[in-house]
Amino acid sequence: MKLIFPSFCEQFACKASACSDNCCIGWEIDIDADSLAYYHSVSGPLGEKLRREIDCTDTPHFRLDEKERCPFLQADNLCEIICSLGEEHLCNICRDHPRYYAWFGTRKEGGIGLCCEAAAELILTQPLPMTFIETEIPDEQCDSPDAGLLALLTDTREEMFALLADTNIPLTEAFGRLLDAAELLEQNPVLQPIPQTEYPYAPPMRELLEELLAQEAMDSAWHPYLQSILPYTESCSPFPIEADGYLRRIASYFLQRYLLKAAFDGELYDRILFAAESTAVIGFCYSAELQKHGILPFQTAVQIAKNYSKEVEYDT
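Rules behind the numbers
Residues numbered from 1 in each chain as written. Predicted model: local features only at pLDDT ≥ 70, side-chain atom pairs only at ≥ 80, totals over all residues. Heavy atoms only, no water. Buried < 20%, exposed > 50% of the residue type's maximum accessible area, 1.4 Å probe, protein only. Helix = DSSP H or I, 4+ residues; strand = E, 2+ residues; numbered from the N terminus. Arc of directions from axis to C-beta. Patch = residues over 30% accessible without salt bridge, like charges linked within 9 Å, V, L, I, M, F, W, Y side chains within 5 Å. Areas by Shrake-Rupley, 256 points an atom, 1.4 Å probe, with all protein chains shown as cover. Salt bridge = Lys/Arg side-chain N within 4 Å of Asp/Glu carboxyl O. Lys, Arg positive; Asp, Glu negative; His and termini not counted. Charge placed at Lys NZ, Arg CZ, Asp CG, Glu CD. Pairing = 2+ DSSP bridges. Axes fitted to C-alpha atoms, helices over the stretch in contact; angles between N-to-C directions. Contact = heavy atoms within 4.5 Å.

Asks: For this particular structure, what's the right way to read helix 1 (residues 33-41)?
Replies: Every α-helix winds through 3.6 residues per turn, so residues three or four apart in the chain are directed the same way. Taken together, the buried positions of helix 1 are occupied by Ser35, Leu36 and Tyr39. The buried residues of helix 1 occupy an angular sector of 100° when the element is viewed end-on, so they sit on one face. Exposed side chains of helix 1 directed beyond 90 degrees from the buried face belong to Ala33, Asp34 and Ser41.

Asks: Where do I start with a negative patch on the surface in this structure?
Replies: Judged by side-chain charge, Glu183, Glu186, Glu267 and Asp270 come together as a negatively charged surface patch. Within the secondary structure, glutamate 183 sits in helix 7 (residues 171-187).

Asks: Got a minute to help me understand unusual backbone geometry in this structure?
Replies: Negative phi characterises most residues that are not glycine, and trans characterises most peptide bonds. Omega for the peptide link from histidine 97 to proline 98 comes to 5°, which places this bond in the cis form. Between leucine 128 and proline 129 the backbone carries a cis peptide bond, its omega angle lying at 0°. For proline 129, the position within the fold is in the loop between helix 5 (117-123) and strand 6 (132-136). Positioned with a positive phi, glutamate 68 is a non-glycine residue whose angle comes to about 65°. Note on placement: glutamate 68 falls in the loop between strand 3 (61-62) and helix 3 (80-85). Residue classification places glutamate 68 among the partly exposed positions, given a relative accessible area of 41%. Here asparagine 77, not a glycine, exhibits a phi torsion of approximately 65°, which is positive. Residue position: asparagine 77 is located in the loop between strand 3 and helix 3. The class for asparagine 77 is partly exposed, based on a relative accessible area of 24%.

Asks: Would you explain the sheet that holds strand 1 (residues 2-6) in this entry?
Replies: Strand pairing in a sheet relies on backbone hydrogen bonds. The paired strands run either parallel or antiparallel. The four strands lie next to each other as 4-5-1-6, forming an open sheet whose pairing is mixed. The sheet is open, and its two edges are formed by strand 4 (99-104) and strand 6, each paired on a single side. Strand-to-strand twist across the sheet, computed as the mean angle between neighbouring axes with direction ignored, equals 20°. Note that strand 1 and strand 5 (residues 107-112) share three bridges and pair parallel. Counted as the bridge partner of isoleucine 4 is glutamate 109 from strand 5.

Asks: Can you help me understand the side chain of threonine 156 in this one?
Replies: Of note, threonine 156 is situated in helix 6 (residues 147-165). Under the relative-accessibility criterion, threonine 156 is labelled buried at 5%. With residues near it in sequence (within four places) discarded, threonine 156 still touches Leu185 and Leu191.

In structure tokens form, the structure reads like this:
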């Protein structure tokens, strides 16, 4: 089996207590069976705390405290389990996050999620088009899509990465071409060039923001932030030129993470549309920041992308 992931993932390192957000706050973390068995074997005060702070009803998980913090998140925002037992004794979710994986027969794709501050910093600064590292790993049991369709989508995705890397093509035109290509491929799944288009993508921004406001928020600041930028829908572009590089990288991230899953269900258009809408919403937020403050600091761009991902990709 081949493991394939973006080359920049090798640079990823958790920011730990230096992170302005924290994946140990507000997230109810499930515990895998092997980790649970180990935690039940730990002796002393830490072992007692482990058994006390794990809820074993239904799916075992760590109990969050009244401030929504993991009980093992110390006052210095470092993990007590890592500090006392070592990183190798984290449960699977804690050890893997923000890494994600998808399986396609003998192909396993991985990456790092935009919802993580350290990952977002990497994603927003990498060269385009996206490049990959490929390694051989032991086989893992998984479903296999149609091999021909997977190859077609893989080749098409490479063309899409190249299109997004071409700064001579405005993003609104690039997304129009990607959506046209997706529609044609769903009708006739054969390799063909990405078409020219007379219909650049024009996102219904107010409608997209209202849909986000109708969803339950993970962070209490999310809805007020969206409400604060609603008035800018008539005056702000979803693809500000000042943030063009960031947005091309974000679009590439969404394509890398989701496009190949169409090999199982054929729903390519919806996945391209999700990438377009997500990039447009983040771009609109960037545009509103530029209109309000005249600048878009890098960390502001990172936080906006991270917050969107956290609320939309990781809302379950």
